[in-house]
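Residues per chain, in single letters:
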Amino acid sequence: MFRKEAACTELHTKASTFGLGAMLLQSSVEGDPLKLVYCASRKTSDAETRYHSSKLELLCVVWAVNKLRQFLLGIKFTVLTDCQALTYLNSSKSVNAQVARWYDALQEYDFEVKYRPGVRMAHVDALSRAPVGGEESLDEALTERQTVCVLITLDERVMMCQTADGDVAHIKRIVEESPEEGLGLSYVVKDQFLYRRFRDKLLFVIPKSMRKSLVVTAHDLSGHPAVDRMMANVLQDFWFPNMRRYVKLHIRSCFECLLTRVPRGKRPGLLHPIPVGKRPFGTVHIDHVGPFIMAPGGLRYILVMVDNLTKYVTLYAVPNTKSEPLIKSIQHFVKEYGLPGRLITDRGTCYTSGAFEDFCAAQGIKLVWTSSRHPQANGQVERIHNVVMAALMTMGGAGSEWAKMLPEVQRLLNNSETKVMGKTPFEILHGYRPRFEHGALLALSTTKDDWTPPEKLQAFVQVNMELEKTKKKAAYDNIHYSVGEVVIMRRAPNCTGESTKMQDRYKRPLVVTEVLSSDVYSVTELDTTKGSRFATTAHVSQLKSWRLPADVDAEEELSGSELPAIDKEEGELGETRTGLPDKEDLPEPEPQQSCSAAPDDRRSQRVVRRPGWMRDYTW
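Looking at an unreviewed UniProt entry, one finds the protein chain named RNA-directed DNA polymerase and attributed to Schizaphis graminum.

Along the protein chain, the regular secondary structure elements total 19 helices and 19 strands. Looking at the protein chain residue by residue over its 619 residues, the buried ones come to 40%. For the protein chain, contacts bridging at least 24 residues in sequence account for 65% of all contacts bridging at least 6. If you sum the accessible surface of the protein chain, you get close to 35800 Å²; carbon and sulfur atoms cover 54% of it.

It is worth spelling out helix 3 (residues 97–105) at this point. Among all positions of helix 3, only Gln 98, Val 99, Trp 102 and Ala 105 are buried. One side of helix 3 carries all its buried residues, which in axial view fall inside an arc of 120°.

This part covers the pairing of strand 6 (residues 187–190). Bridge count between strand 6 and strand 7 (residues 193–198): four bridges; the pairing is antiparallel. Bridge pairing in strand 7 places Val 189 opposite Leu 194.

Turning next to the environment of Arg 116. Locating Arg 116 in the fold gives a position in the loop between strand 5 (110–115) and helix 4 (122–129). Look at Arg 116 and you get buried, because its relative accessible area is 18%. A C-alpha to C-alpha distance of 10.0 Å links Arg 116 and Val 79, two positions 37 residues apart in sequence. With residues up to four places along the chain from it excluded, the contact list for Arg 116 reads Glu 10, His 12, Leu 80, Thr 81, Asp 82 and Met 121.

Looking now at the packing of aromatic side chains. Enumeration over the complete set of coordinates arrives at 18 aromatic pairs. Look at Tyr 187 and Trp 239: their rings are 5.9 Å apart centre to centre, the planes differ by 70°, and that puts the pair in the edge-to-face class. Of this pair, Tyr 187 sits in strand 6 while Trp 239 is found in strand 9 (residues 238–239), placing the two residues 52 residues apart along the sequence. In terms of burial, Tyr 187 and Trp 239 fall into one category: buried. On the basis of an interplanar angle of 70° and a centroid distance of 6.3 Å, the ring pair of Tyr 351 and Phe 356 is categorised as edge-to-face. Here Tyr 351 and Phe 356 have matching classes, each one buried. Chaining the aromatic ring pairs together yields one cluster made of Phe 281, Tyr 312, Phe 333 and Tyr 337. A cation over a ring is seen here: Arg 196 above Tyr 187, with NZ or CZ 5.4 Å from the ring centre. Positioned over the ring face of Trp 239 is Arg 196, at 4.3 Å from the centre of the ring.

In this section: the environment of Lys 43. Structurally, Lys 43 can be placed in strand 3 (residues 35–43). Judged by its relative accessible area of 42%, Lys 43 falls in the partly exposed class. Once the C-alpha coordinates of Lys 43 and Gly 134 are considered, the two residues, 91 residues apart in sequence, prove to be 5.4 Å apart. Discounting residues that sit within four places of it in the chain, Lys 43 has contacts with Phe 18, Gly 19, Glu 48, Pro 131, Gly 133, Gly 134 and Glu 135.

We now examine the side chain of Lys 14. Tracing the backbone shows Lys 14 in strand 1 (residues 8–15). Lys 14 gets classed as buried once you look at its relative accessible area, which sits at 10%. Engagement of the side chain of Lys 14 in a polar contact is seen with the side chain of Asp 82, the distance being 3.3 Å. In this structure, Lys 14 is in contact with Gly 19, Leu 20, Gly 21, Glu 57, Cys 60, Asp 82, Val 124, Asp 125 and Ser 128, ignoring residues within four places of it in sequence.

Time to look at the pattern of salt bridges. Note on pairing: side chains with opposite charge can pair once their charged atoms come close. Overall, the coordinates contain 14 salt bridges when judged by the stated rule. A salt bridge links Arg 3 to Glu 5; the nearest nitrogen and oxygen atoms lie 2.8 Å apart. Between Arg 244 and Asp 228 there is a salt bridge, with the nearest N and O atoms lying 3.2 Å from each other. Note that Arg 244 is positioned in helix 10 (residues 243–252) and Asp 228 in helix 9 (residues 227–234), a separation of 16 residues in sequence. Each of Lys 14, Glu 57, Asp 82, Asp 125 and Arg 129 takes part in salt bridges that share partners, so that together they form one network.

The sheet built from five strands is open, its strands ordered 18-17-16-15-19 with antiparallel pairing. The two strands at the open ends of the sheet, each matched to only one other strand, are strand 18 (535–539) and strand 19 (543–545). Averaged over all neighbouring strand pairs, the angle between strand axes comes to 45°, with direction disregarded. Looking at chain direction, strand 17 (residues 520–525) and strand 18 are connected through five bridges and run antiparallel. By the bridge assignment for strand 18, Thr 524 is matched with Ala 535.

Counting residues in hydrophobic clusters, the biggest one holds 33 residues, and the most contacted among them are Leu 11, Val 65, Leu 72 and Phe 77. Looking at this core, the elements with two or more residues in it are strand 1, strand 2 (19–27), helix 1 (53–67), helix 2 (69–72), strand 4 (76–81), helix 3, strand 5 and helix 5 (138–144). For this core, the element with the highest residue contribution is helix 1, accounting for nine residues. Setting aside its immediate chain neighbours within four residues, Leu 72 contacts Leu 11, Leu 24, Val 65, Phe 77 and Tyr 109. One finds Ile 171, Phe 193, Met 231 and Ile 251 within the second-largest nonpolar core, a separate group that totals 29 residues.

Taken together, Arg 264, Arg 490, Lys 501 and Arg 505 make up a surface patch of like positive charges. Within the element layout of this structure, Lys 501 appears in the loop between strand 15 (486–490) and strand 16 (506–515).

Going from Gly 290 to Pro 291, the amide bond is cis rather than trans, its omega being 5°. Relative to the assigned elements, Pro 291 resides in the loop between strand 10 (283–289) and strand 11 (301–307). Positive phi, close to 50°, is recorded for Arg 199, a residue that is not glycine. Following the sequence through the fold, Arg 199 ends up in the loop between strand 7 and strand 8 (201–205).

Reading the values: rules and limits
- The residue count restarts for each chain, going from 1 along the sequence in the order it is written.
- Only residues with pLDDT of at least 70 get local features here, since the model is predicted, and only at 80 or more are side-chain atom pairs given and counted; chain-wide, interface and lining totals rely on the full set of residues.
- Calculation of side-chain values draws on the structure's entire complement of heavy atoms; hydrogens and water are dropped beforehand.
- Numbering of helices and strands starts at the N terminus; helices are DSSP runs of H or I of at least 4 residues and strands are runs of E of at least 2.
- Residue burial is assigned from relative accessible area. The probe radius is 1.4 Å, only protein chains are included, and a residue is buried under 20% of its type maximum, exposed over 50%, and partly exposed in between.
- The contact definition used throughout considers only heavy atoms, calling two residues in contact when any of these lie within 4.5 Å.
- Using the Shrake-Rupley algorithm and a 1.4 Å probe, accessible areas are obtained, with residue cover drawn only from the displayed protein chains.
- Starting at the helix axis, one direction is taken to each C-beta atom, and the arc is that of these directions.
- Whether two strands pair depends on DSSP finding at least two bridges between them.
- Centre distance within 6.5 Å is the pairing criterion for rings of Phe, Tyr and Trp, where only the six-membered ring of Trp is used; planes under 30 degrees apart are then read as stacked, over 60 as edge-to-face, and the remainder as tilted.
- Charge-over-ring placement is defined geometrically: NZ (Lys) or CZ (Arg) within 6 Å of the ring centre, and within 35 degrees of the ring normal.
- Identification of polar contacts relies on pairs of N or O atoms within 3.5 Å, with a donor-acceptor requirement for protein atoms, meaning one able to donate a hydrogen and the other able to accept it, and with residues adjacent in sequence counted only if both atoms are side-chain atoms.
- Here a salt bridge means any side-chain nitrogen of Lys or Arg lying within 4 Å of a carboxyl oxygen belonging to Asp or Glu.
- Axes, fitted as lines to C-alpha atoms, cover a helix only where it is in contact. Angles between the N-to-C directions of the axes lie from 0 to 180 degrees.
- Nine residue types can take part in a nonpolar core, namely buried Ala, Val, Leu, Ile, Met, Phe, Trp, Tyr and Cys, and a core is a set of them joined through side-chain atoms within 4.5 Å.
- Residues enter patches when their relative accessible area tops 30% and they take part in no salt bridge; the joining distance is 9 Å for like charges and 5 Å for the nonpolar side chains Val, Leu, Ile, Met, Phe, Trp and Tyr.
- Only four residue types enter the charge count, namely Lys and Arg as positive and Asp and Glu as negative; His and the chain termini do not.
- By convention, the point assigned to a charge is CZ for Arg, NZ for Lys, CD for Glu and CG for Asp.

Dropping the structure here:
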């Protein structure tokens, strides 16, 4: 890559009867190896092949300099050639009109011609003997070239932007007056530019007019990184006040990130915990896990059943997920533990089938289906899936013998203490903890004969679980969407026979039309010009909101959170965002009231104002 500020710039040229060749090379530090920047070559015309060798070499120099004019104007460079006669180009005069025109064309450049033997110019000689460009007329190229006038340099442009920014110019003036105290400890003026001291580095202070282009380059043109990675990249060279807020607002407004990024962390919505059962096996969660390697008898799936109160687990190996083996397993469960009051399942076809519905209705069992594509609603049994899979894998059940291990896995799960209850499911159900295979060590146990009435343990567990659910709900609950809010909905992969990894995660913009119960929303396509608009219902976990920066800011204001004066990256130095009080950040004076006015007992309402730092954001 060409660098105007490189320490050394050389142009190597070589001519032959076949063509002309040139190489532009640079090195950042004097004495370092040269790196290739540009190569050029072209064929010689029939007339040029009859030129004298010195004239042909001069032709090559003039052609190469004109070819690379956009790089060479305004810098000092060296031309290396194997024609020693050209080293006297500036000291001798020629009466040849053509050579005089070529010489005149070189006067706008700052260069020096040096001789190098031909044996050391093999790299550029190869270009001249195998040219890739067609024939060109040098005289026509010199006539048609345009005059380049530099009206203002890049440094002058940046200096104008910093000077036009009132905050930056004010800090710069203070630092120049007192470089060793106050703001001079945090900022420094170098070569007439303002820099910020930050973690043993000097970062250029970006004025307001340049911030948007910097953020667009660092985000839109750099792979759309998230906040932390983008901040780390920008803080390598640049800084400006409230950078993290500015970056967050830009990313929130990015349509590409909206459609492709799946948000992490706390999500919108409210937690709706399932009430704790009043008796064992009053509420039972069921689901299938599999398929596994086929076991003897054609078994490929496991039906997992978990009691809502005691967390007692029952496992049944079944051949498929159809309703017939499901009903047989439920009948076996009823013979051992009695009829459950209700069953909580997902919307699998076996659970929504007419045969299973009729069976539950005949037995007086209430059937409850969770939201589609929302496994969290049946999280009790989903969590047991992971435990069962881990137990089978560690016990060597990865082959076809997994079905024989299910009774042992069930025994281990039901005799393991849970974190929330502090008791094992078997103990809550029966009042004691059974011992297995302790041998002679069992005589040393002092608790082997302990027994507590099951109803007492179950009452204790009910209280503990309700308290824990209250804590979880307080930590989980988050904002929810309102009618009229613009959202996008998570889409299922479109199976085309090829990989779906690069497909968009979300589909078209929708608008919320109705708020239903249990964090479910009615949404409709945003485009009102269509005759039939797409409409559906979706759980809050499938939706993602898009809000303007002003909307996000108003929400933060209403929540009562005060905006800090400086980012966490900037808080090490402890000053405000510009080092000076900001008029727009100060509270507005309250209107004076007459002493005779009647007191107003109503509670004053907070007025939502656009904060001062938002004036810096251009979007």
